Amino acid sequence: MKLGIVVNEGPYQHQASDSAYLFAKAAIEAGHEVWRVFFYHDGVNNASKLTEPPQDDRNIVNRWSKLAEEHKVDLVVCVAAALRRGIREENLATGFRISGLGQLVEAGTKSDRLVTFGD
Amino acid sequence: MSDVKKFMFVNRKAPYGTIYALESLEVVLITAAFDQDVSLMFTDDGVYQLKKGQQTKGIETKNFSPTYRALEGYDVEKLYVDQESLQERGLTEDDLLVDVTVLSRAEVGALMDEQDVILSF
Amino acid sequence: MLHIINRSPLSDRALENCLNTASGGDILLIEDAVYAATAGNAFEAKLRAAMGKFKINVLRPDLEARGLADRLVEGAAFVDYAGFVELVVANKTCQSWL
């Protein structure tokens, strides 16, 4: 099945990004395709390569990048939400791209299921 | 985009305290621009988004409430409000800045069942 | 439909609104919503009353993280992330009550 995911909260502040990641991983393990994750609201902060968690903590940003690389997941950051919050091409982590809200609409029309994680 | 789906946006959050209501409205406009079948549901504190007379000068924030009145121009005409949420907040339909359809919770549930995609922020 | 709730019912109306509004189906409690399914919490009676109409699923890792996995209310079912995926697949639509 073709699954889309929406993440509305930033990393470390809220559990949403962790829940979304663990859901995505489980879906892929079960043989489903997670074709797109759309990051909106503070969720755009998941794409900052400047993020540096303490050594003993999970690296939420790298985890998403790795998922994108290994399973061809399209990680899309909303441009309007990103610009508001200082996320730009120059600080974008690997595997993420910045695009418009149309990509979220497309995630809705082209996915068999769309699952939202937020506050 | 050829495939048209029924999108419902469920609004449960009040405006200004957080940005969700404003950024949700941006998605609504884009979804309508992509010719999807759009409806908006306002329930719980989400009904406050539609209160008449919002004056935001004092908080130095853009008053985005006129946008709800402009939705018609984007062919977004299906605005629904949960009656119980209005009542709980001491509001009536007359307090709202735009024409809506007021529904009972059972009617809201039935409408949700008809959707293809339900988004909430 | 699958209804996903992530807030404690003692601090947010999402679960209560969902129980009163939705026509039935699956409910999945994740994140802070898992507190709703613990024995003795003030929302327990309302959750139990809804069990005829809804199937109540609880994301086990979230309840374990919060130290309450041994207090799951009777009639609710544990799922892991794989079970979460199965619920999403089994239902035509899913709604996160944010």
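Residues numbered from 1 in each chain as written. Chains lettered and ligands numbered in written order. Predicted model: local features only at pLDDT ≥ 70, side-chain atom pairs only at ≥ 80, totals over all residues. Heavy atoms only, no water.

### Notes on the side chain of serine 120 of chain B
Along the polypeptide, serine 120 of chain B turns up in strand β5 (residues 117-120). Side-chain polar atoms of serine 120 of chain B contact the backbone oxygen of valine 10 of chain B, separated by 3.1 Å. When sequence neighbours within four positions are dropped, the list of residues in contact with serine 120 of chain B reads Asn8 and Thr116 of chain A, Val10 of chain B together with Ser96 and Leu98 of chain C. (Helix = DSSP H or I, 4+ residues; strand = E, 2+ residues; numbered from the N terminus. Polar contact = N/O pair within 3.5 Å; in protein donor to acceptor, adjacent residues only side chain to side chain. Contact = heavy atoms within 4.5 Å.)

### Let's talk about the interface of chain C and chain A
If you look at the interface, chain C gives 18 residues, while chain A gives 20 residues. For the chain C and chain A pair, buried surface summed over both sides reaches about 1,500 Å², with 62% attributable to carbon and sulfur atoms. In this assembly, chain C and chain A are joined by nine residue pairs in polar contact (both at pLDDT 80 or more). In terms of residue count, helix α4 (residues 81-90) of chain C provides more of the side of chain C that touches chain A than any other element does, six residues in total. Considered class by class, the residues forming the side of chain C that touches chain A number 10 nonpolar, three polar and five charged. (Buried area = accessible area lost by both parts, 1.4 Å probe. Nonpolar A, V, L, I, M, F, W, Y, C, P; charged D, E, K, R; others polar.)

### Details of the interface of chain A and chain B
Counting residues at the interface gives 21 residues for chain A, matched by 20 residues for chain B. Between chain A and chain B, a total of about 1,700 Å² is buried, with carbon and sulfur atoms accounting for 61% of that surface. Among the residues of chain A in contact with chain B, His41, Val105 and Thr109 of chain A are the three that bury the most area, contributing 32% of the side total. Connecting chain A to chain B are three salt bridges. A salt bridge links arginine 84 of chain A to glutamate 26 of chain B, with the shortest nitrogen-to-oxygen separation between them at 2.8 Å. On inspection of chain A and its partner chain B, the count reaches nine residue pairs in polar contact (both at pLDDT 80 or more). Broken down by secondary-structure element, the contributors of at least two residues to the side of chain A that touches chain B are α3 (79-84), α4 (102-110) and β5 (113-117) of chain A. Broken down by element, the side of chain A that touches chain B gets its largest block of residues, seven residues, from α4 of chain A. A class-by-class count of the residues in the side of chain A that touches chain B yields eight nonpolar, seven polar and six charged. (Salt bridge = Lys/Arg side-chain N within 4 Å of Asp/Glu carboxyl O.)

### Considerations on the pairing of β5 of chain A
All names here are of chain A. Counting buried residues in β5 gives five out of five residues, a clear majority hidden from the surface. Direction of pairing for strand β1 (residues 2-7) relative to β5: parallel, over a ladder of five bridges. Across the sheet, residue glycine 4 finds its bridge partner in β5, namely leucine 114. (Buried < 20%, exposed > 50% of the residue type's maximum accessible area, 1.4 Å probe, protein only. Pairing = 2+ DSSP bridges.)

Bear in mind that shape data such as this cannot, by itself, settle questions of function.
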